[in-house]
Structure formats: C-alpha cells, structure tokens
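Examination of the molecular architecture
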Amino acid sequence: MTVPPISFDQLVQQHRREILAYLIRVLGNVHDAEDVCQDALIRAYRSFDPVILNSNARAWLYRIATNSALNALKRRRRAAAREVSLAALERIPASVHDFDQRERLRRVALAVDQLPPRQRAALMQRRFHDLSYEEIAVSLNCNATTARAHVYQAIKKLRQAASQ
C-alpha cells in the first residue's frame, strides 16, 4: 500500500509550531526564532520533493531548521565580535594619552578585524565570553585542541600587530 505524497502546505501545517518552539529554545528569543523559522521554511520549499520525503519529512525539516539556526548563531557571534573590536577602537582616544600606545592599540583593534572568522570567533568567545575550549569547539564545530589552536593563533597575530 502506497502512502500518498504530502504537500508542502500539509508539512508546514503539521510541523511549523513544533519547529518554531524548537528554534525558540535553540536561539533564546522569539523574534530570532521566527526569522530563522521563516528562512528554514523557504529553504525547505526550494528543495521540497514530496515523493522522496514521504517517510521522514519531519526529520528533514528539523535538519533544515537546525542548520538555519546554526547559521544564525554564527552571524550573531560575528556581529558581536565586530562590535567588541569597534568599541575598542572608539575607546582608545579617551583612555590612552600616549600617542605610541594609542597607535599600538589601534593596530591591534584593526588586526582583530582582519583575523580569519574562526580565529576571531574563538578569541572573542574565550577572552570576552569566558567560554571553555570545549564550548568553543562545539560552537565552531571542531575539537577542543583545534579551538585552542584558533585562540593561540589569534593571540599570536595580535601580538605581532602590537609590536610593529
């Protein structure tokens, strides 16, 4: 006996509420979760094939929602990293009176902006958010040794920028 294929509208009606509730838990706020849910549903619509998805459409939808949430979290971390480095640039003139020291701090702040994204994210998570290397590894989808290496390389590059 063949089960008739499910339509995209039926899929959304059956699972949108639970996907949204899941995204609220993952992202921590309703507004972001609604945006990510909408993004996930658009992605799902673009690749929807009712014949292939008939047996595990729910799992497929969760995978798309999870990937969309992880992408949103990455964007959030990158934005936070940029805000921290820009805030550092803005504070330099008010807090440092020695021209050489102010110039060195400016170079370091610019160097933070030029770090590769994974190194910058690891550095910000470690130094400004007090995450462990294991937590950083989860957020960067790597192991703790690699997370530690990202932080080390970022600090090494910043020290070079400060000494120039």
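Residues numbered from 1 in each chain as written. Predicted model: local features only at pLDDT ≥ 70, side-chain atom pairs only at ≥ 80, totals over all residues. Heavy atoms only, no water.

Another aspect to go through is the overall build of the chain. Across its full length, the chain holds eight helices and zero strands. Scanning the chain from its N terminus toward the C terminus, one meets helices and strands in the order α-α-α-α-α-α-α-α. Across the 164 residues that make up the chain, the buried fraction comes to 33%. Long-range pairs, those at least 24 residues apart, make up 60% of the contacts in the chain between residues at least 6 apart in sequence. In the form shown here, the chain has an accessible surface area of approximately 10700 Å², with 53% of it arising from carbon and sulfur atoms. (Helix = DSSP H or I, 4+ residues; strand = E, 2+ residues; numbered from the N terminus. Buried < 20%, exposed > 50% of the residue type's maximum accessible area, 1.4 Å probe, protein only. Contact = heavy atoms within 4.5 Å. Areas by Shrake-Rupley, 256 points an atom, 1.4 Å probe, with all protein chains shown as cover.)

What the rule picks out here adds up to four aromatic pairs. Their ring planes at 50 degrees and their centres at 6.3 Å tell us that Phe 48 and Trp 60 sit as a pair that is tilted. Here Trp 60 lies in helix H4 (residues 57-95) and Phe 48 lies in the loop between helix H2 (30-46) and helix H3 (50-53), a separation of twelve residues in the sequence. Ring pairing ties together the aromatic residues Phe 8, Tyr 45, Phe 48 and Trp 60, which thus form one cluster. Positioned over the ring face of Tyr 133 is Arg 126, at 4.1 Å from the centre of the ring. (Phe/Tyr/Trp six-rings, centres within 6.5 Å; stacked < 30°, edge-to-face > 60°. Lys NZ or Arg CZ within 6 Å of the ring centre and 35° of its normal.)

Here we come to a positive patch on the surface. Together, Lys 74, Arg 75, Arg 78 and Arg 118 make up a positively charged patch on the protein surface. Among the elements that make up the positive patch, the one with the highest residue count is H4 (three residues). Note on Arg 75: relative accessible area 44%, which makes it partly exposed. (Patch = residues over 30% accessible without salt bridge, like charges linked within 9 Å, V, L, I, M, F, W, Y side chains within 5 Å. Salt bridge = Lys/Arg side-chain N within 4 Å of Asp/Glu carboxyl O. Lys, Arg positive; Asp, Glu negative; His and termini not counted. Charge placed at Lys NZ, Arg CZ, Asp CG, Glu CD.)

As for its placement among the helices and strands, Ser 132 is situated in the loop between helix H6 (117-127) and helix H7 (133-140). Residue class for Ser 132 comes out partly exposed when judged on its relative accessible area of 23%. Sequence separation of Ser 132 and Ala 144 is twelve residues, and the distance between their C-alpha atoms is 8.7 Å.

Let us look at the pattern of salt bridges. Inspection of the entire model under this criterion finds one salt bridge. Asp 39 serves as the salt-bridge partner of Arg 43, at 3.1 Å between the closest nitrogen and oxygen. Here the residue Arg 43 and the residue Asp 39 both occupy positions in helix H2, the gap between them amounting to four residues, near one helical turn. Its relative accessible area of 35% is what places Arg 43 among the partly exposed residues.

At their nearest, the axes of helix H5 (residues 99-114) and helix H8 (residues 144-163) sit 8 Å apart, and the two run at 145 degrees to each other. The interaxial crossing formed by H5 with H8 has right-handed handedness. The residues of H8 that touch H5, namely those facing Arg 104, Arg 107, Val 108, Ala 111 and Val 112, are Leu 158, Ala 161 and Ala 162. Tallied by class, the residues present in the contact of H5 with H8 amount to six nonpolar, no polar and two charged. (Axes fitted to C-alpha atoms, helices over the stretch in contact; angles between N-to-C directions. Left-handed = near helix turned anticlockwise from the far one by under 90°. Nonpolar A, V, L, I, M, F, W, Y, C, P; charged D, E, K, R; others polar.)

All right, on to helix H1 (residues 8-27) then. Here H1 spans only 25 Å end to end across 20 residues, well under the 28 Å set by a 1.5 Å rise per residue. Of all the bends in H1, the largest measures some 50 degrees and sits at His 15. Turning to H1, its buried residues number three or more, namely Phe 8, Leu 11, Val 12, His 15, Ile 19, Leu 20, Leu 23 and Leu 27. Once H1 ends, the next one or two residues include Gly 28, with phi positive near 90 degrees. (Expected span 1.5 Å × (residues − 1). Bend = angle between axes of the 7 residues up to and from the residue.)

Time to look at the packing of H1 against H2. At a minimum axis distance of 9 Å, the contact between H1 and H2 shows a crossing angle of 140 degrees. Judged by the twist between their axes, the crossing of H1 over H2 is right-handed. In this structure, H1 uses Phe 8, Val 12, Arg 16, Ile 19, Leu 20, Leu 23, Ile 24 and Leu 27 to contact H2, whose residues at the interface are Val 30, Asp 32, Ala 33, Glu 34, Val 36, Cys 37, Leu 41, Ala 44 and Tyr 45. Tallied by class, residues from the contact of H1 with H2 come to 14 nonpolar, no polar and three charged.

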